[in-house]
Amino acid sequence: PSYGRYFTFFIEKEKYFHFFKNGNLFICVFLFLALGIVLFPFPDFSQDFCAERAGMLGWQFTPFQFSEDIQILATKYSVGLARNNALFQVIFNILLISPIGFLGSIVFRWNFLKTLIFSFFIALFFELMQGTGVFGFFKCPYRLFDVDDLMLNTSGAVLGFLVTLPL
C-alpha cells in the first residue's frame, strides 16, 4: 500500500481543526525541537563570561556574508568543501525550518505568501532570541544575530513548500 497516498487522502478528508489531527501536533513538536537546536547548549556562564565576549557578538547585518566565510575557510585554512564548517552551517540553516514549508503546504494548505511570512517570523523569532540573550533571560547574548541565518531559514521553508508543489 502507498502510505503517502493514504496520508494525503486522510488530510483531504478531514475538514475540522483538531490539535492531534491535521499536523497541529507535528508543527508544535517541530517548533520545540527547532527552538532546542537554536538555543542549546547553553554556555557555562562563569563570572567573566559576558566581559570576555563583549566585543565578539555584535549583530551581523551584511547579507550573503556566508559566501565570504566559506571562501575564507577554503583558501586561508585549506579546507575542502567536505570539511568546511561554514558550508555546513548554510546547509543546516536551510534545513532547519524547511519542514514548516512542507507541513504548511500539505497539512494546512498555506499558499506561498503565507508560508513565506510565517517562516520569516519564526526565523526572526529564533534570531531575536539568540541576539538578545533569550530576551534578557541571560545577562548577555551567547549567540550571534545573523541576517544570513534569517534569509537561509526563510528560504529553507520556501524550498520545503516548493517540494510539495505538483509537477
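Everything quoted here is computed from the prediction, not taken from an experiment.

About the criteria used
- Residues numbered from 1 in each chain as written.
- Predicted model: local features only at pLDDT ≥ 70, side-chain atom pairs only at ≥ 80, totals over all residues.
- Heavy atoms only, no water.
- Patch = residues over 30% accessible without salt bridge, like charges linked within 9 Å, V, L, I, M, F, W, Y side chains within 5 Å.
- Areas by Shrake-Rupley, 256 points an atom, 1.4 Å probe, with all protein chains shown as cover.
- Salt bridge = Lys/Arg side-chain N within 4 Å of Asp/Glu carboxyl O.
- Buried < 20%, exposed > 50% of the residue type's maximum accessible area, 1.4 Å probe, protein only.
- Core = buried A, V, L, I, M, F, W, Y, C linked by side-chain atoms within 4.5 Å.
- Helix = DSSP H or I, 4+ residues; strand = E, 2+ residues; numbered from the N terminus.
- Expected span 1.5 Å × (residues − 1).
- Arc of directions from axis to C-beta.
- Polar contact = N/O pair within 3.5 Å; in protein donor to acceptor, adjacent residues only side chain to side chain.

A. Summary view of a nonpolar patch on the surface. Together, F88, I91, F92 and L95 make up an exposed nonpolar region whose accessible area comes to about 370 Å². A relative accessible area of 48% means that L95 is categorised as partly exposed.

B. Representation of the nonpolar core in the model. Residues L39, L96, I97, I100, F126, V134 and Y142 are the most contacted members of the largest nonpolar core, which totals 24 residues. Contributing elements (two or more residues each) for this core: α2 (24-39), α6 (98-106), α7 (112-131) and α9 (147-163). Broken down by element, the residue count for this core peaks at six residues, all from α2. With five residues, the next largest nonpolar core counts F66, I70, A86 and L152 among its residues.

C. Molecular detail of helix α5 (residues 85-96). Taking 1.5 Å as the rise per residue, α5 with twelve residues should run 16 Å; its terminal C-alpha atoms sit 16 Å apart, in good agreement. Turning to α5, its buried residues are A86, V90, N93 and L96. Down the axis, α5 shows its buried residues gathered within 130° of arc, on one side only. The distance from a side-chain oxygen at the start of α5 to the backbone nitrogen of A86 is 3.1 Å, and the residue carrying that oxygen is N84.

D. Quick peek at the environment of V163. Take V163: it is sitting in helix α9. Residues V163 and F102, 61 residues apart in the sequence, show an inter-C-alpha distance of 7.3 Å.

E. Fine view of unusual backbone geometry. The linkage connecting F40 with the following residue, P41, adopts the cis geometry, with an omega of 0°. Tracing the backbone through its elements, the reader meets P41 in the loop between α2 and α3 (49-52). One non-glycine residue with positive phi stands out, namely R109, at about 60°. Within the element layout of this structure, R109 appears in the loop between α6 and α7.

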